[in-house]
Structure formats: structure tokens, C-alpha cells
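Read off the chains here:
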Amino acid sequence: MNYATLIQRLGISIEAELLELALTHSSYAYENGKIPNNERLEFLGDSVLGFVVTGHVYSENPDLDEGSLSRLRSATVSAKTLAKAANEIGLGEFVRLGKGEISTGGQTKTNILADTFEAIIGAAYLSGGLEPAKAIIDSLVLPLLSSEDELLETSEPRTVLSELLKSLGKSDATFDVTHEGPDHDRTFFAAVIVAGRSVASGSGRTRKAAEAQAAIAALKTLRG
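Heads up: these notes are all about the structure in this document.

Cut-offs applied
Residues numbered from 1 in each chain as written. Predicted model: local features only at pLDDT ≥ 70, side-chain atom pairs only at ≥ 80, totals over all residues. Heavy atoms only, no water. Buried < 20%, exposed > 50% of the residue type's maximum accessible area, 1.4 Å probe, protein only. Helix = DSSP H or I, 4+ residues; strand = E, 2+ residues; numbered from the N terminus. Arc of directions from axis to C-beta. Polar contact = N/O pair within 3.5 Å; in protein donor to acceptor, adjacent residues only side chain to side chain. Pairing = 2+ DSSP bridges. Axes fitted to C-alpha atoms, helices over the stretch in contact; angles between N-to-C directions. Parallel < 35°, antiparallel > 145°, perpendicular 65-115°, else oblique. Contact = heavy atoms within 4.5 Å.

**Remarks on helix α5 (residues 66-76)**
Then, number 1: Listed in full, the buried residues belonging to α5 are Leu 69, Leu 72, Ala 75 and Thr 76. The buried side chains of α5 occupy one side of the element, clustering within an arc of 130° when seen end-on.
Then, number 2: Capping of α5 at its N-terminal end is provided by Asp 65; its side-chain oxygen lies 3.3 Å from the backbone amide nitrogen of Gly 67.

**Some points on the pairing of strand β1 (residues 174-180)**
Then, number 1: Pairing analysis gives seven bridges linking β1 to strand β2 (residues 187-194), with the strands arranged antiparallel. In the strand pairing of β2, Asp 176 is matched with Ala 191.
Then, number 2: Hairpin remark: β1 followed by β2, antiparallel, with six residues in the connecting loop; positive phi at Gly 181, about 100°.

**Concerning the packing of helix α4 (residues 39-60) against helix α8 (residues 110-128)**
Then, number 1: Close contact between α4 and α8 brings their axes to 6 Å; oriented N to C, the two are set at 80°. Between α4 and α8, the interaxial angle falls into the category roughly perpendicular. The segment α4 lies against α8, with Leu 41, Glu 42, Leu 44, Gly 45, Asp 46, Val 48 and Leu 49 engaging Asp 115, Glu 118, Ala 119, Ile 121, Gly 122, Ala 123, Tyr 125 and Leu 126.

Right, dumping it as C-alpha cells:
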């Protein structure tokens with residue numbers, strides 16, 4: 001595959017071999033003779049990302065305490081946020097996946113996109129040091145901090161909901177979760193219950209995803 005388009009979208013240069021490795025998911029590696037995959041680069045990229053984001057969050061938010069800084073950092077480096085950054089450059093179309101992952105839409109899976117994005121950061125770091133890795137983070141991740149409340153609600157909706165209910169003098173929410181479909185193709189449905197009343201609902205492929213969507217819907221409802 002020609003990665004020139006991806007390099008152009010990233011705006012930095014990465015050694016060809018490292019870039020290809022960063023795009024190689026474990027499923028592809030396994031199906032092609034157990035060749036090296038991107039997991040080590042992902043590990044490196046995760047550390048570089050955390051370092052850069054921590055420095056930015058600290059310097060840009062002098063009034064936040066340690067707990068608030070930690071939450072903001074966690075929201076910024078969450079899988080959902082990184083997948084959003086990955087989608088900005090169409091990263092899914094370049095990821096090398098095994099046939100099984102391709103058949104189940106691996107190119108759009110949040111965790112695969114987030115992990116690959118971290119591997120790209122790791123590859124950039126090995127290619128040219130901190131500067132090109134930071135350039136990727138500066139252009140694709142840090143702009144997402146412009147809406148901090150939205151960022152926190154997307155990555156930690158249950159926590160934000162709990163804090164809102166507390167501020168309103170209401171009891172914490174509970175979640176009534178049901179599901180339908182076979183084990184391999186199950187859909188979960190979650191209802192948010194506050195003071196014995198259902199205030200919102202959501203659905204997802206996992207229990208956690210359904211509860212998150214329900215919590216986001218509840219936040220919108222409670223804020224009117």
C-alpha cells in the first residue's frame with residue numbers, strides 16, 4: 001500500500017519500515033506467519049502521548065487541582081478521543097488487519113484505531129525524536145481539548161452524571177440493563193434510573209457502551 005497520503009495527512013515524515021510496522025495489527029501479523037506487529041510501538045507511543053498531554057494540561061490549566069488534571073489527561077488520552085483523532089486522518093483505511101477483523105469492521109473499531117494511532121506516535125518518535133511525535137499530538141489530539149466539558153462527558157459520562165446529580169441534590173443513578181441476540185452478536189440496552197424514574201436510555205454492543213450512551217443521554221435530559 002502507498003502510504004504517501006497518510007504521511008501527507010500526518011504532516012511529518014516517518015521511516016517507511018516503521019510506518020508499516022505501526023499499521024500492522026496483531027491479527028494481520030498472525031495470519032501472515034506471525035510477523036512483528038505494532039504492539040511495542042503502541043506501548044512507546046502511549047508513553048510519549050502521556051508525557052506531552054500531561055505537560056500541556058498542566059501548563060494550560062494553572063487553576064486545576066491534581067484530581068481535575070488527572071481526569072482531563074485521562075479523557076484526552078482515552079480510546080474514544082484517540083479514535084476521533086485517528087478518524088480525522090482516515091487512519092482506518094491504512095491499518096493492516098487480518099481477514100477476521102476486516103469481516104467484523106475492524107477498520108472502524110475504537111480500540112484498534114486508538115492503538116494504531118499510539119503506534120504511529122511511537123514510530124514518529126523513533127524516526128525523528130520527540131518533535132515529530134509532538135507535532136502529531138499538537139495537530140490532532142490537543143485541539144480536542146478546546147471543549148473540555150464535552151471531552152470529559154464523552155470519555156467519563158457516568159462520572160459526570162454522578163457529579164451532576166449530586167449538585168442537584170439527587171440520589172445517584174442506577175442502570176437497568178437488558179440485552180438481545182446471540183452471544184456473538186448481542187446488543188445491550190441501558191436505562192438510567194434516578195429516584196425510581198427512567199430518565200434516558202442508550203444501546204451498544206457491550207454493556208459498558210450501552211451504559212455510556214445512556215449516561216450521555218441522561219446528561220442532556222437533566223440539563224434541559
